[in-house]
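# An overview of the molecular structure
Here are the chains, one letter per residue:
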Amino acid sequence: MIPIKPSDATWTDEQWQAIWAKGQDMLVSAAAGSGKTAVLINRMIERVLSEENPVSVDELLVVTFTNASAAEMRHRMSAALEKAVAENPESKHLRKQLRLINKAQISTLHSFCLQVVKQYAYLLEIDPGFRIANETEAALLRDDVLEAVLERAYEGDQEDAVYRLADSFTSDRSDQAMEVLLSKLYDYSRVHPSPEQWLDKVPELYDVPSGSTIDELPFIDDLKMTIHHALEEALQLIHEGKQLTLEPDGPHLLAETFDMDGELVRQAIFALEESWESLYHFSKKFTWGKAATIRKDSCDPPLQRKRKSAGMT
């Protein structure tokens, strides 16, 4: 049962549900800067501090994509535990959690995988003293492999097709342009759970029936979703900028400008959801409104800098 959200809570209804939902798998998908990390941190804190069925911090596995997010999560968890212990010093559970916080699996995905591989290197039959190659070493190894692959391709039983590929994407001096394209294609394939299957299906994307619209292309939904997330992120930044104008000594003159920008972004989202052609026509006629001039010393300088970081120039 999800607790009733307090009237003074700053969380949205969806964020509140993400923090408190239990007994089920859950996927939270939101744009960058929308508060996913804060939601995850508070979800962890509530589970550890729960009086009914608390979990231990060393039972959690939390992986992120950046060291900064991992460090923030660990710090926030430590601060919450210290506050809880101060309020309830007799609690053995809370004192134990504070001791275990350094053992909690809160790290980047890569760090966690590295730890697992090192711990079970004997099962994988690899040298436990291995290390991760740095960027320069990895790039050199990659170049060597790509060169060897191309040499085998030129000498293989489909050399005519390889030469046609080279003629299409390279100059008569080197194959560097084709190497760059192959490298990018490899990188794109790695983000899929089955890279080889994805590569096999790529040619099908070019088999488009005559008379098809852009909205009927097989890859358009993914492209639209990416654009939609970018527009949602823009709306979030505009909202944050608008909030700055409402603060005492804030850049009040920009409130109307933020409102106009928000309306433009919402119109873009509506056009995107209607069709690609609608978005195209919208982009041809759309222009940003001119921001009001803020006189020097007319508002708090830190707020002035924050509104610039929110996208207002």
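Scroll up for the structure.
Criteria and thresholds
- Residues numbered from 1 in each chain as written.
- Predicted model: local features only at pLDDT ≥ 70, side-chain atom pairs only at ≥ 80, totals over all residues.
- Heavy atoms only, no water.
- Helix = DSSP H or I, 4+ residues; strand = E, 2+ residues; numbered from the N terminus.
- Rg over C-alpha atoms; globule rule 2.2 N^0.38 Å.
- Buried < 20%, exposed > 50% of the residue type's maximum accessible area, 1.4 Å probe, protein only.
- Contact = heavy atoms within 4.5 Å.
- Areas by Shrake-Rupley, 256 points an atom, 1.4 Å probe, with all protein chains shown as cover.
- Lys, Arg positive; Asp, Glu negative; His and termini not counted.
- Charge placed at Lys NZ, Arg CZ, Asp CG, Glu CD.
- Patch = residues over 30% accessible without salt bridge, like charges linked within 9 Å, V, L, I, M, F, W, Y side chains within 5 Å.
- Salt bridge = Lys/Arg side-chain N within 4 Å of Asp/Glu carboxyl O.
- Phe/Tyr/Trp six-rings, centres within 6.5 Å; stacked < 30°, edge-to-face > 60°.
- Core = buried A, V, L, I, M, F, W, Y, C linked by side-chain atoms within 4.5 Å.

This part takes up the overall build of the protein. If you tally the helices and strands in the protein, you get 14 helices and 2 strands. Its C-alpha atoms give the protein a radius of gyration of 26 Å, clearly above 20 Å, the size a compact globule of 313 residues would have. Dimensions of the protein, computed from C-alpha atoms along their principal axes, come out at roughly 75 × 65 × 40 Å. Burial statistics for the protein: of 313 residues in total, 27% are counted as buried. Restricting the contact set of the protein to residue pairs at least 6 apart, pairs at least 24 apart contribute 55%. Surface summary for the protein: the accessible area is close to 22600 Å², and the carbon and sulfur share equals 54%. Taking the average location of the 34 positive side-chain charges in the protein and that of its 52 negative ones, the two points are 9 Å from each other.

Looking now at the environment of D207. Position of D207 relative to the elements: it lies in the loop between helix 10 (195-201) and helix 11 (220-246). The exposure class of D207 is exposed, given its relative accessible area of 64%. Note: C-alpha distance between D207 and P218 (11 residues apart in sequence) is 9.8 Å.

For the rest of this paragraph, the subject is a positive patch on the surface. On the surface, K92, R95, K96 and R99 cluster together to form a positively charged patch. Tracing the chain through its elements places K92 in helix 4 (residues 92-100). Overall, K92 belongs to the exposed group, its relative accessible area being 66%.

Right, let's get into the environment of I106. For I106, the position within the fold is in strand 2 (residues 105-108). C-alpha of I106 to C-alpha of E46: the two residues are 60 residues apart in sequence and 16 Å apart in space. Look past the residues within four positions of I106 in its chain and what remains in contact with it is M44, V62, A70, M73 and R74.

Here we take up the packing of aromatic side chains. To describe a pair of aromatic rings, you give the distance between the ring centres and the angle between the ring planes. This model, assessed by the stated rule, comprises 5 aromatic pairs. Here W16 and W20 contribute two aromatic rings whose centre-to-centre distance is 5.8 Å and whose plane-to-plane angle is 45°, an arrangement assigned as tilted. With W16 and W20 both in helix 1 (residues 13-20) and 4 residues apart, the pair spans about one turn of that helix. For the pair formed by W16 and W20, the shared burial category is buried. Judged by centre distance (5.2 Å) and plane angle (75°), the ring pair of F286 and W288 falls under edge-to-face. Using a relative accessible area of 27% as the deciding quantity, one classes F286 as partly exposed. Joined through ring pairs, the aromatic side chains of F282, F286 and W288 make up one cluster.

With that out of the way, let us pick up the nonpolar core. M44, V48, V57, M77 and L81 are the most contacted members of the largest nonpolar core, which has 19 residues in total. Contributions of two or more residues to this core are made by helix 2 (36-49), helix 3 (67-87) and helix 4. Here this core takes 6 residues from helix 3, the largest share from any one element. Setting aside anything within four residues of it in sequence, one finds V57 in contact with V48, M77, L81, Q97, L100, I101 and A104. Formed by 13 residues, the second largest nonpolar core is a distinct cluster that contains V265, I269, A271 and L279.

Okay, the pattern of salt bridges next. By the definition in use, this model includes 8 salt bridges. The shortest N-O distance in the salt bridge between E137 and R131 comes to 2.8 Å. Of the residues examined, E137 reaches a relative accessible area of 28% and is grouped as partly exposed. When the shortest N-O distance is used, the salt bridge between K224 and D215 registers 2.5 Å. Judged by relative accessible area, K224 falls into the buried class, the value being 16%.

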